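Now for the letters of each chain:
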Amino acid sequence: MIISKENLSTAADILKPHHKKLGLLFFLTAIQAVMFSAIDPLAMKFLIDALSEGDVQTFIYLAVGVTFIATFGRVLIYYTALTSQKIKNDLHQNLTVEMAESLYNKPYEEIAEKGRGYFTSRLHDEARQLSGVVDVCTTLISGFFVSVIGLSVAIWLSWEITLALVVIVPFLYFLAHRFSGKISSCTERLHETEAQFKSILNKAIDSFKYVKTHSLINQAQHRIEEGITEPLDARYKNTKIAAMYQSISSVFLSYAELSVLIAAGIQVILGAITIGSLFALTRAFGMIVGAVQQLSSVIPHIAALNGLLERYRVFTQKVESPQGASEIAAHSELELHNVGFSYGDKQILKDVSLNVNHDDKILISGGNGVGKSTFLNLLAGFYQPQQGRITLAKDKEMSTALYPFQFLPGTVKENFNTLSLKWDSSGRAEALINELGLQECLDVNYDDLSEGQKKKCQIAACLLKPANIYVLDEPLANIDDQSKENILGLIERYTKKAAVLMIMHEGNNFKDKFTRFIDLKGDGKVTVS
Ligand SMILES: Nc1ncnc2c1ncn2[C@@H]1O[C@H](COP(=O)(O)OP(=O)(O)OP(=O)(O)O)[C@@H](O)[C@H]1O
């Protein structure tokens, strides 16, 4: 099979919402195929036969009719192209949006590990290429109609000669079967390496200032060159296999076409068929060969599509939510039971147990790189513990401000409006914006804010959500010294009835704001006081 059963049903599922427009497209495609494959050779036969019989009137009628049909055919081609592009755009949009849902359901570890370039490539480039399924369908429909009708016309003109062409079909099938598996796996590798390269490219672009400061352009170019080698190799291999298949099948098709021409020529000499029939036969066979060639050249595309559909299916597969642990009833708001976590050999947490109560205000401290941010990511459910479990009590909400932070595309105001609507808290939003002095930032995009302003936006967004637990990583980083006390006071006011876990390097200056202290030692051990 060129395409697996699962992928075929995936293709049907993604096309289903567009069935009405697809029906119209397939109808237009079929009419075109019928017009060009039946009318063209038959008109040719009757035109030449009328000429050889000296029947000028029939010749003129036929010529006018053929011109009219040919013009109508071109108009059909125009509308078919527009309809096809419209469906491909809709499909691309739907696929990207559906993949976005799957993206937000993936474990954060995977997002962080593969990088945004990787997922940009998958959500945009692969979705666009998948929309090519529409072209494959129209090629198949057109090829099918042209071959069937062309074949019927050819059989009507001379069935003996037609047999010569049909003999080649099993051979073409064998070829398709042999090459399609290779193309499919090669396509999967091509898209995976392309997505990885986009991630490398993004990092290289993000390092602009670093590269300029240290004059590392050569090194950056080298890294980019290294990264692009694999996808280009995969693309070359793909083209090589597809081209080899197409060349072999075209050689055999031209042999078949030549033998038909010779056989028909002999039939004319023997007086078995008219010259008009010879022209019509060669026209019909030209079309059948064209259609078969079209069908055989679509096989590498189907095989490539099989690879793409496989990737799409795996990407959008529903996975058990790791947050399922939170369903388990916990006595405290948040409980850690013998939690262990490490990055490779680096142990971050070892056998850590802890209860977070409903009004705990916890300061998390420890030197650089001991694992404070990782600890908060585990509490928030963005990372999963490798040993033990973390349970959030039922119906308890958590709000976070963690690194790396980013708003959705749009201005700060648009983002706050969305949050206000979501949490039904426009009064709270207005108060936070005023108290944090964010009025001047409202019409600006988040990326264009100063680092301190960004930090204030993160705090406001975090506090806007009514929650039972607030988790903040370095809320005072980049905040000017005069404002620090105020901002801590503001967090204190907005989280009065909730538990708070906060990383702060200068926490010792504000010890009175906390009721408990967690100190990470760097060897997986944690002290709680
Ligand atoms: N995805 C990752 N893969 C491998 N190692 C990681 C990963 N993320 C973090 N680390 C490592 O784990 C350690 C803890 O990182 P983490 O960011 O949690 O530290 P931190 O205590 O918050 O540090 P800082 O105070 O400097 O912000 C560091 O040595 C870091 O290099």
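Residues numbered from 1 in each chain as written. Predicted model: local features only at pLDDT ≥ 70, side-chain atom pairs only at ≥ 80, totals over all residues. Heavy atoms only, no water.

Caption draft 1: Examining the UniProt feature "transmembrane region" (unreviewed entry) in the protein more closely. UniProt records the feature "transmembrane region" (unreviewed entry) at residues 21-39, 59-79, 130-150, 156-175 and 258-281, using the numbering of this structure. The span residues 21-39 carries 100% helix and 0% strand; its end-to-end C-alpha distance comes to 27 Å. The distance separating the terminal C-alpha atoms of residues 59-79 is 31 Å; by composition the span is 100% helix and 0% strand. (UniProt positions renumbered as here; feature names shortened; annotations may be inferred. Helix = DSSP H or I, 4+ residues; strand = E, 2+ residues; numbered from the N terminus.)

Caption draft 2: Seen up close, the UniProt feature "domain: ABC transporter" (unreviewed entry) in the protein. The positions that UniProt labels "domain: ABC transporter" (unreviewed entry) are, in the present scheme, residues 334-528. Counted over residues 334-528, helix gives 30% and strand 28%. Its end C-alpha atoms are 15 Å apart.

Caption draft 3: The arrangement of the confidence of the model for the protein in detail. The share of residues in the protein with pLDDT of 70 or more is 96%, and the mean pLDDT across the chain is 87. Of all helices and strands in the protein, the one with the weakest mean pLDDT is helix α7 (residues 159-166) (71), whereas strand β6 (residues 469-473) scores best (96). Segment residues 323-327 is flagged for pLDDT under 50; beyond a separation of four residues in sequence, or across chains, it makes 8 contacts in the model. (pLDDT = per-residue confidence, 0-100. Contact = heavy atoms within 4.5 Å.)

Caption draft 4: Focus on the pairing of strand β1 (residues 334-343). Strand direction decides the pairing type here: β1 and strand β2 (residues 346-356), joined by 7 bridges, are antiparallel. For Phe341, the partnering residue across the bridge sits in β2 and is Leu349. Remark: 2 residues form the turn of the hairpin made by β1 and β2, two consecutive strands paired antiparallel; Gly344 in that turn has positive phi of roughly 55°. As paired strands, β1 and strand β4 (residues 387-392) are joined by 5 bridges and run antiparallel to one another. Looking at β4, one finds that Leu334 is bridged to Leu392. (Pairing = 2+ DSSP bridges.)

Caption draft 5: How the structure looks around the packing of helix α2 (residues 19-52) against helix α11 (residues 275-316). Contact geometry for α2 and α11: axes closest at 7 Å, N-to-C directions at 165°. The orientation of α2 with respect to α11, classified from their angle, is roughly antiparallel. Every pair of crossing elements has a handedness; the one defined by α2 and α11 is right-handed. In this structure, α2 contributes Phe36, Ser37, Asp40, Pro41, Met44, Lys45, Ile48 and Asp49 to the contact, and α11 contributes Ile275, Gly276, Ser277, Phe279, Ala280, Arg283, Ala284 and Met287. Across the contact of α2 with α11, the residue classes tally to 9 nonpolar, 3 polar and 4 charged. (Axes fitted to C-alpha atoms, helices over the stretch in contact; angles between N-to-C directions. Parallel < 35°, antiparallel > 145°, perpendicular 65-115°, else oblique. Left-handed = near helix turned anticlockwise from the far one by under 90°. Nonpolar A, V, L, I, M, F, W, Y, C, P; charged D, E, K, R; others polar.)

Caption draft 6: Local environment of a nonpolar patch on the surface. Residues Leu258, Leu261, Ile262, Ile266 and Leu270 make up a contiguous nonpolar surface patch of about 510 Å² in total accessible area. The exposure class assigned to Leu261 is partly exposed, which follows from its relative accessible area of 44%. (Patch = residues over 30% accessible without salt bridge, like charges linked within 9 Å, V, L, I, M, F, W, Y side chains within 5 Å. Areas by Shrake-Rupley, 256 points an atom, 1.4 Å probe, with all protein chains shown as cover. Salt bridge = Lys/Arg side-chain N within 4 Å of Asp/Glu carboxyl O. Buried < 20%, exposed > 50% of the residue type's maximum accessible area, 1.4 Å probe, protein only.)

Caption draft 7: The site of the ligand, seen in detail. With respect to spatial proximity, the complete set of residues near the ligand consists of Tyr343, Lys346, Ile348, Gly367, Asn368, Gly369, Val370, Gly371, Lys372, Ser373, Thr374 and His505. At 2.9 Å, a side-chain N or O of Asn368 approaches an oxygen atom of the ligand. With respect to the ligand, the side chain of His505 contributes an N or O atom lying 3.1 Å from an oxygen atom. Burial of the ligand by the surrounding chains reaches 57%, relative to a free accessible area of 640 Å². The set of elements that each furnish at least two residues to the shell around the ligand consists of β2 and α12 (372-379). Ranked by the residues each element gives to the shell around the ligand, the list is headed by α12, at 3 residues. Split into classes, the residues belonging to the shell around the ligand amount to 3 nonpolar, 7 polar and 2 charged. (Near = heavy atom within 4 Å. Polar contact = N/O pair within 3.5 Å; in protein donor to acceptor, adjacent residues only side chain to side chain.)

Caption draft 8: Up close: the side chain of Glu335. Relative to the helices and strands, Glu335 is located in strand β1. Among buried charged residues, Glu335 stands out as having no salt bridge; its nearest opposite-charge side chain is Arg389, 5.9 Å away. A polar atom in the side chain of Glu335 sits 3.1 Å from the side chain of His337. (Lys, Arg positive; Asp, Glu negative; His and termini not counted.)

Caption draft 9: Quick look at a positive patch on the surface. A cluster of basic residues, Arg178, Lys182, Lys237 and Lys240, forms a positive patch on the protein surface. Elements with a contribution of two residues or more to the positive patch: α8 (169-206) and α10 (217-269). By secondary structure assignment, the location of Lys237 is in helix α10. (Charge placed at Lys NZ, Arg CZ, Asp CG, Glu CD.)

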